[in-house]
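Topology and contacts: notes
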Amino acid sequence: MRFSLFSWLLLALTSLTAQTLQHVEPPNWWVGMQHSTVQVMIHGAGAAEWQAGVDYSGVALRETSRLQSDNYLFLTLSIDATTEPGEVPIVFSKNGEIVLTHRYPLHARTAGRANLQGFDATDAIYLITPDRFANGDMTNDEMSTLKEGIDRKNPGGRHGGDIAGIRQHLDYIEDLGFTAIWLNPLLENDMETYSYHGYSTTDFYRVDPRFGSNEDYRQLAESARAKDMGLIMDMIVNHCGLNHWWMNDLPSTDWVNQWPSYTETNHRKTVIQDPYASEIDRKVFTDGWFVPTMPDLNQRNPYLATYLTQNAIWWIEYLGLTGIRMDTYPYPDMEYMAAWTEAVMTEYPDFNVVGEEWYSEPAIVAYWQRDKENPNGYTSDLRSLMDFPLQIAVTDAFVNEESFGEGLVEAYEALAHDFLYADPMELVIFPDNHDMSRIFTQVNEDYDWFKQVLLYYATMRGVPQFYYGTEILMGNPGTTAHGVIRSDFPGGWPGDRRNGFTNEKLSDQQLAAKAYTKKLLQWRKTATAVHNGQLLHFAPEEGVYVYFRYNDAQKIMVVLNKNEEVTELKLDRFREILAGHTSAQDVLSAGKTWSLDAPITLAPRTGLLLTVE
């Protein structure tokens, strides 16, 4: 690309000035995007007093906007379809004199970015809290420019896990059978304490240096992709961290939701759907802060709304993601979230986003899904949601002693609510996550129940997600403290006594659990009936719950058994789906064949996974 003589002259004059920009966000854009108009936020001392000009073929400065602060300028650039990659000189002047010139990068898109494939039911997702998985680069544990240092003895402190540690163990994750990785947030959290979890963002365009760099993040995504594993990024648009750089100089007073005195969200999620809810209850829910250290962002401000949407698209494009997990999905402005999902899915039609709506009732969760017909007409492009109602029901089914006689009836009846969802097959299902007790603890460290829970989630409709360390029975006995739930994966740090990666000093039960997890998930990779098949289940009887997944190519039978004694499972009531079949192969016991012409003898407290022939 040739620059005009005028542009080169301006660039030369810039070197004579001492003025600098503190922030330019997004730091670059790409040619050939559906979003060919980009809002560039300029932050620098006195920037609102500047005039801006652009001289680059195919790029036009459509609008220059100023808000309340003297230090921000918002530039709207339009990029023609024929524009060549290069650096766009943006010339800033004041009173007819040049202040500086910023060369804004326009990159060529990486091949395949327009056709990014989102995660789906063919995937099994491995959830990682990066600070707690593995410390692959000990040189970045302490940063003099960041407030909190490392303190591995403190459950709520930073422990040093990082991107390098994850990348070094991709083979381990792949070998277990996982095809996608969801990482808790990696962006900068420069808070004084309790910053390891990543949900108090202080820079939306910068990976926290204690985890690595932006380029490290991209290399992780590429390394995972080379192993046919996708990467899911945890995002938050509801709030930022109190130490975000803009909190000292907000572009406008309505950039965050402000109150006469500190007001915390009431967490009353039903106010969105409740036809009788008061306006003040709705406002406190959406505009109230989570905690005093997490300012609540106001997505009704159009400049912030555009900023946040562009940030999501920027990271998808930069990393080549396979999905986004959106934190606290119902808390931001609901109309904004509809526009946000539409923008993302317009740019990446085959992409996927899963929203967190932590509620026990399916009607509340289903409200947010794409193609859901709601009484008030609300729609969005959100494909997936975390299936919290099912998680609650399944755990109750295993630990509720009153249900032992019927056998897992809570899990059975929970699925009857699937009619409320536009597409229940898109839901992300999970036994636990980073915000709740680990599943081994939830089932009271009962290994038999643990195995059947894993079997359930590996074969049920939806996209299964498992938390790191589940495969080696990590737990949090006696406490619900998040720092303990998110404990360090053993072997991720030099000098660890046990090593979950190499199996050193793992108990026999831990080794068995890992082998069981691997067998299930490696089998699942090619189990098309689980990927896209129908679901047929039968009401639990006498402590046994049976369901089938099937398509034209495959039929599988899952048996969950809560009985304490040997039990005979008569097959007559399943003839509507077993008619014409005489045998079944046991997936978990290699080489074992079951006859379907006689009752199946079930070992106590044991599940079965059968491929029907």
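I will try to describe carefully the structure that is included in this document. (Residues numbered from 1 in each chain as written. Predicted model: local features only at pLDDT ≥ 70, side-chain atom pairs only at ≥ 80, totals over all residues. Heavy atoms only, no water.)

Let us look at the side chain of S78. Note on placement: S78 falls in strand β6 (residues 72-79). Separated by 2.9 Å, the side chains of S78 and R62 make a polar contact. Contacts of S78, omitting those with residues within four sequence positions, involve S36, T37, G58, V59, A60 and R62. (Helix = DSSP H or I, 4+ residues; strand = E, 2+ residues; numbered from the N terminus. Polar contact = N/O pair within 3.5 Å; in protein donor to acceptor, adjacent residues only side chain to side chain. Contact = heavy atoms within 4.5 Å.)

Once that is clear, we can look at the nonpolar core. In summary, soluble globular proteins display a tendency toward joint burial of nonpolar side chains. Judged by nonpolar contacts, the single largest core of 170 residues is most densely connected at W246, W340 and Y456. Looking at which element gives the most residues to this core, the answer is helix α6 (residues 302-319), with 11 residues. Once residues within four sequence positions are removed from consideration, W246 is found in contact with M41, Y72, F204, C240, W255, L297, L304 and Y307. By size, the runner-up hydrophobic cluster in this structure holds 19 residues, among which are V544, F548, V559 and L608. (Core = buried A, V, L, I, M, F, W, Y, C linked by side-chain atoms within 4.5 Å. Buried < 20%, exposed > 50% of the residue type's maximum accessible area, 1.4 Å probe, protein only.)

Quick look at the packing of aromatic side chains now. In this structure the tally under the stated criterion is 49 aromatic pairs. With a centroid separation of 5.1 Å and an interplanar angle of 45°, the aromatic rings of F74 and Y303 are classed as tilted. Of this pair, F74 sits in strand β6 while Y303 sits in helix α6, placing them 229 residues apart in sequence. The ring centre of Y196 lies 3.9 Å from the NZ or CZ of R132, which sits over that ring. One Lys or Arg, K283, reaches over the ring of W259 and ends 5.0 Å from the middle of that ring. (Phe/Tyr/Trp six-rings, centres within 6.5 Å; stacked < 30°, edge-to-face > 60°. Lys NZ or Arg CZ within 6 Å of the ring centre and 35° of its normal.)

Here we come to the sheet that holds strand β4 (residues 51-54). Spatially, the 4 strands line up as an open sheet ordered β2-β8-β7-β4, and their pairing is mixed. Each having just a single partner strand, β2 (29-30) and β4 make up the two edges of the open sheet. Taken together, the 2 bridges between β2 and strand β8 (residues 97-107) define a ladder with parallel strand orientation. Looking across to β8, one finds that W30 is bridged to H107. (Pairing = 2+ DSSP bridges.)

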